[in-house]
Amino acid sequence: MTSSITKRILPLIFVVMGLIFAVLGFTQFGFWSDANGPMPGFFPSIMAIVMVLSGIASFIQSLKDTEAVEYKPDEFLVIAGGIGIFVATFIIGLVPTIFLYVILWLKLVEKSSWKPILIVLAIVAFITIGVFGMWLGIQFPMGIFENIL
Amino acid sequence: MENFELLLRGFSVSLTPANIGAAFLGAILGLIVGAMPGIGSLAGVALLLPLTYKFNPTTAIIMLGALYYSNMYGGSFSAILLNIPGDSPAVMTALDGYPMAKKRKRPGQALFTANMASFIGGTIGIIILTFAGPALANFGLKFGPSEMTAVLLIAMTSISWLVGENPIKGVVITMLGILLASMGMDTLSGSPRYDFGNMYLLGGIPFTPFVIGTVGFSQVISLINERDVKTEKIDAKLSIKGSILTKREFKRLLPPAIRSGLLGTFVGVLPGAGATTGSFMGYAVQKRFKSEEELGTGAVEGIAACEAANNAAAAGAFAPLLALGIPGSGTGAVLLGGLMMWGLNPGPLLFQNEPDFAWGLISSLFLSNILTLIVAIGIIPFLTKILSVPTKYMIPIITVVCVVGSYSTTYSMYGVLVMLLSGIFGYFMQKNDYPTAPMLLSFVLSPLLESNMRKAFIISGGSLSIFFTRPITLVLMLIFLFFITFPIIRGAVSKAKNYKQRSRMA
């Protein structure tokens, strides 16, 4: 899948973001006070204006750029996996979600056999439970089961 | 002499069992992560950052320093054995490292050359740092808010304008980092700013999940395309005994390593020119000197020149980082973020206010250099196994490290959300040729730049003249203006050259 739309959208996002920061900086947080000098909006407003200007320049550049960006479906699978972990953590908790993710990823996406899956699970268990849980003492969220328990 | 005494005092801090253990752990992890192709030192340091939370600030930073340092060693392993540089400074190492390993069938010697040159270059860099760091800090003591503003502007523009092919994109991304850093609380008054009524945003964007996402998770997304890439592996069995260099080879290695060590340190001190530039320059300089074998065919001199330079640059970069609080690269920015996370403020006063910490860290670099060399040699027999871990298994493992690491630094799923969003955004930025390193640098430096700029304006009563009337500020502002105008001049010159060439052809 190739697209040159993101080349144009990204600078526009930067321009809009710069405008929001500049407007808020000038109107809500204050730019300059005769008594106290620069206000909280002073610095970000200036930087936001620079961002708007450079964003516009980047957008103009993108119009001349004819080369398309190639996006591969597998790349979005990784993003989906990350989002899946985030959502499932609220239901079954972080640690079970991670194990489930590893099994599903390796079985469904990579079509791996059980032997490497078990090895990767052991490594993940060592990192999550051993290093972060036991050594660093991190208490992982348990999802809705936490409330039930 | 005073520096030497302070260094000895630093050793009394760093040579405790806990600190040696932390440095050793950092060296092992940094080497393994650095050796993994496709991860690199930036993502490596970011991913391992949460592990330092276990320790007190000094131990944590010693471990972080060892991680950063050993990553530089590790990058050369995959460059030599697989012809895939673990990170960008190792690109030049592959030019001679891989031919030496493959054509000359001497992979062990190629690795040993890289390790020894890294050690020599690193040692030179740290020795110079021992003297240059405090001297730079003493000079920095003369800096007021206007000078610091100018220095910070140079640091930000040098990386965004000089690194990458498109300065406009560099500026956009630098501004993005500044605006993201301005969310949360105002640096001087402490009043809420750009929180959009959100409780989480009131505390700002947490540094570690942001970095893990931008360079770690985005890297995993890109890594998926490399899982089917077939690499040419070196089949030879590696052993420590079979890798040791002869006396003659060591003699060949020494001059380029010393030369590149000196050059690399100088390059490392400059803002925006880190280990990658050091490595390229080291190799380019070696071309002007005599090598026993032609460079590019597996010459010991070629490996030594770039490896010594990149490790020296990594050490040299600590001088502006500690003395002025200015990192020279994205990895340096992560390191600086780590220091600030621990409540330490690198800058001219660090050597005065926190001498135990500053000298403890410098002395720990000597320790890390020795430990990393020992581990790097000890790991040689296992390298083919470490490097043969298929990428498809690394993807879920690194994803899990990203998620768990982000959660552990914030104790909330907000950290995981920040990591995911910055990872997705970082992926789109990389795809569209926006460099991420300037964003990290500006994200870290922005609070310092803002507070200094506002203080300068308060002193001058709002007049810009403060930046052009004080001698040091004026020089620094001229350098800053040169950095801004340089790409424009360069573009105009290259256009004029092209025009001349075309008119000649016609």
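Going by what an unreviewed UniProt entry lists, chain A is known as Tripartite tricarboxylate transporter TctB family protein and is assigned to Defluviitalea raffinosedens.

Digging into the overall build of chain B
Check the secondary structure of chain B and you find 22 helices and two strands. Over its C-alpha atoms, taken along the principal directions, chain B stretches across nearly 70 × 65 × 55 Å. In chain B, which comprises 506 residues, the share counted as buried stands at 61%. Within chain B, contacts between residues separated by at least 24 positions form 79% of all contacts whose residues are at least 6 apart in sequence.

With respect to the UniProt feature "transmembrane region" (unreviewed entry) in chain A
Residue and element names in this part refer to chain A. Sites flagged by UniProt as "transmembrane region" (unreviewed entry) map to residues 12-31, 43-64, 76-105 and 117-138. Secondary structure across residues 76-105 comprises 97% helix and 0% strand; the distance between its end C-alpha atoms is 13 Å. Helix makes up 86% of residues 117-138 and strand 0%, whereas the separation of the span's terminal C-alpha atoms amounts to 25 Å.

Remarks on the confidence of the model for chain B
Residue-level pLDDT values for chain B average 85, and 95% of them are 70 or greater. Overall fold confidence for the complex sits at a pTM of 0.85, while the interface term, ipTM, reaches 0.94.

Some remarks on unusual backbone geometry
Residues and elements named next belong to chain B. Look at Y411: it is not a glycine, yet its phi comes out positive at around 55°. Topologically, Y411 is positioned in the loop between helix 18 (391-410) and helix 19 (413-431). Y411 sits in the exposed class, given 12 other C-beta atoms within 10 Å. Residues other than glycine seldom take positive phi values, yet D433 does so here, at roughly 65°. Mapped onto the elements, D433 comes out in the loop between helix 19 and helix 20 (437-460). Taking the number of C-beta atoms within 10 Å as the measure of exposure, D433 has 15 and is therefore partly exposed.

About the cut-offs
- Residues numbered from 1 in each chain as written.
- Chains lettered and ligands numbered in written order.
- Predicted model: local features only at pLDDT ≥ 70, side-chain atom pairs only at ≥ 80, totals over all residues.
- Helix = DSSP H or I, 4+ residues; strand = E, 2+ residues; numbered from the N terminus.
- Buried ≥ 20, exposed ≤ 12 C-beta atoms within 10 Å, placed from the backbone.
- Contact = placed C-beta atoms within 7 Å.
- UniProt positions renumbered as here; feature names shortened; annotations may be inferred.
- pLDDT = per-residue confidence, 0-100.

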